[in-house]
Amino acid sequence: MDLDVVNMFVIAGGTLAIPILAFVASFLLWPSALIKIYYWYWRRTLGMQVCYVYHEDYQFCYSFRGRPGHKPSILMLHGFSAHKDMWLSVVKFLPKNLHLVCVDMPGHEGTTRSSLDDLSIDGQVKRIHQFVECLKLNKKPFHLIGTSMGGHVAGVYAAYYPSDVCSLSLVCPAGLQYSTDNQFIQRLKELQDSAAIEKIPLIPSTPEEMSEMLQLCSYVRFKVPQQILQGLVDVRIPHNNFYRKLFLEIVSEKSRYSLHQNMDKIKVPTQIIWGKQDQVLDVSGADMLAKSIANCQVELLENCGHSVVMERPRKTAKLIVDFLASVHNTSNNKKLD
């Protein structure tokens, strides 16, 4: 092999080494940056576009795919301390002919965070209604989906603004009053009594606490590398004070049972999806809702915890599509299994 060929391989090897080393360095030193790139990549791959809309001086950030058509638009509300991109795993399995809108909830990600904002469930419902009005999404009744805190808000929204919503999917929603508290709720009440708000399990500040939160929320035991755990924590830490304020607001007397107090006012066809092994919000809440909402369909998922959207995205998407087909008599139900 002559010297020119050797030089070519050295140059080629060096050229390839630069992006590889950059990736490894990013993974080890700036895992939070990689997580942001990951979400950007999946939004782009799935055709989700990020946009902003304003109500007076209040900014809403949302992503969308498709345009309003003869089928109902779908508005998706994420859970506590999450963001619009948590729905991407479900969006992947939804038909591309549906108009999808995923919004950052008040104070989260790209939506305005203000110390003057009302973070109660009622306050969040009003903000989401402002968002809907800005987009004119209620020009035709839409399908509303919410999970956990987002499910709490979605259920109350359907009760307050019945003409906006044609159907509803609640995924392990918060806001119900149980006769007995599960272990997680008991722990939260103990923390509230001791004023130990720094120790709220849903607000991790170390990789170890992040791992514990993932185990709490998921039945499936994900093997997450330490660097990714650190990245997830790094992304959240700047927002933890806001999350604590929000958490104390939504578990306050004003908000804690808002869905329970309004569930009998929900008149649209409703779908309940719940993981049977949910350790955060007990699955018996599904039966509670079914008994109070006249037109209600319950889907309980085996071997699934609180993070239904992350653990069973394909199944969740199929259940939503099948529900929409049955309720709205759509003929182009795409088979996902």
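Residues numbered from 1 in each chain as written. Predicted model: local features only at pLDDT ≥ 70, side-chain atom pairs only at ≥ 80, totals over all residues. Heavy atoms only, no water.

- By the naming in an unreviewed UniProt entry, the chain is Monoacylglycerol lipase ABHD6, taken from Panthera tigris altaica.
- Note on the chain: under the UniProt heading Sequence similarities (unreviewed entry), the record states "Belongs to the AB hydrolase superfamily." (UniProt positions renumbered as here; feature names shortened; annotations may be inferred.)

## Section: the side chain of Thr 111
Step number 1: Within the secondary structure, Thr 111 sits in the loop between β4 (100-103) and α4 (121-135).
Step number 2: Contact partners of Thr 111, with chain neighbours within four places excluded, come to Tyr 58, Gln 59, Phe 60, Cys 61, Asp 104, Met 105 and Pro 106. (Helix = DSSP H or I, 4+ residues; strand = E, 2+ residues; numbered from the N terminus. Contact = heavy atoms within 4.5 Å.)

## Examining the side chain of His 129
Step number 1: Inspection of the secondary structure puts His 129 in helix α4.
Step number 2: Taking relative accessible area as the criterion, His 129 reaches 17% and is therefore assigned buried.
Step number 3: In terms of polar contacts, His 129 uses its side chain to reach the side chain of Asp 164, at 3.5 Å.
Step number 4: Apart from residues no more than four positions distant in its own chain, His 129 is found in contact with Asn 138, Tyr 157, Tyr 161 and Asp 164. (Buried < 20%, exposed > 50% of the residue type's maximum accessible area, 1.4 Å probe, protein only. Polar contact = N/O pair within 3.5 Å; in protein donor to acceptor, adjacent residues only side chain to side chain.)

## Some remarks on the sheet that holds strand β5 (residues 142-147)
Step number 1: Across the sheet, eight strands lie side by side as β1-β2-β4-β3-β5-β6-β7-β8; this open sheet has mixed pairing. Looking at the sheet topology across the chains shown, the edges are occupied by β1 (49-55) and β8 (296-301). The average angle at which neighbouring strand axes cross in this sheet is 20°, direction not considered.
Step number 2: Pairing of strand β2 (residues 58-65) with β4 involves four bridges; the strand directions are antiparallel. If you follow Phe 64 over to β4, its bridge partner there is Val 101.
Step number 3: The sheet contacts of helix α5 (residues 149-160) involve β3 (74-77), β5 and β6 (165-171), and relative to β5 the element is tilted by about 145°. (Pairing = 2+ DSSP bridges. Axes fitted to C-alpha atoms, helices over the stretch in contact; angles between N-to-C directions.)

## Looking at the environment of Trp 40
Step number 1: Mapped onto the elements of the fold, Trp 40 is located in helix α2 (residues 31-46).
Step number 2: Relative accessible area serves as the criterion here: at 46%, Trp 40 is assigned to the partly exposed category.
Step number 3: Trp 40 sits 45 residues away from Asp 85 along the chain, and the two C-alpha atoms are 9.0 Å apart.

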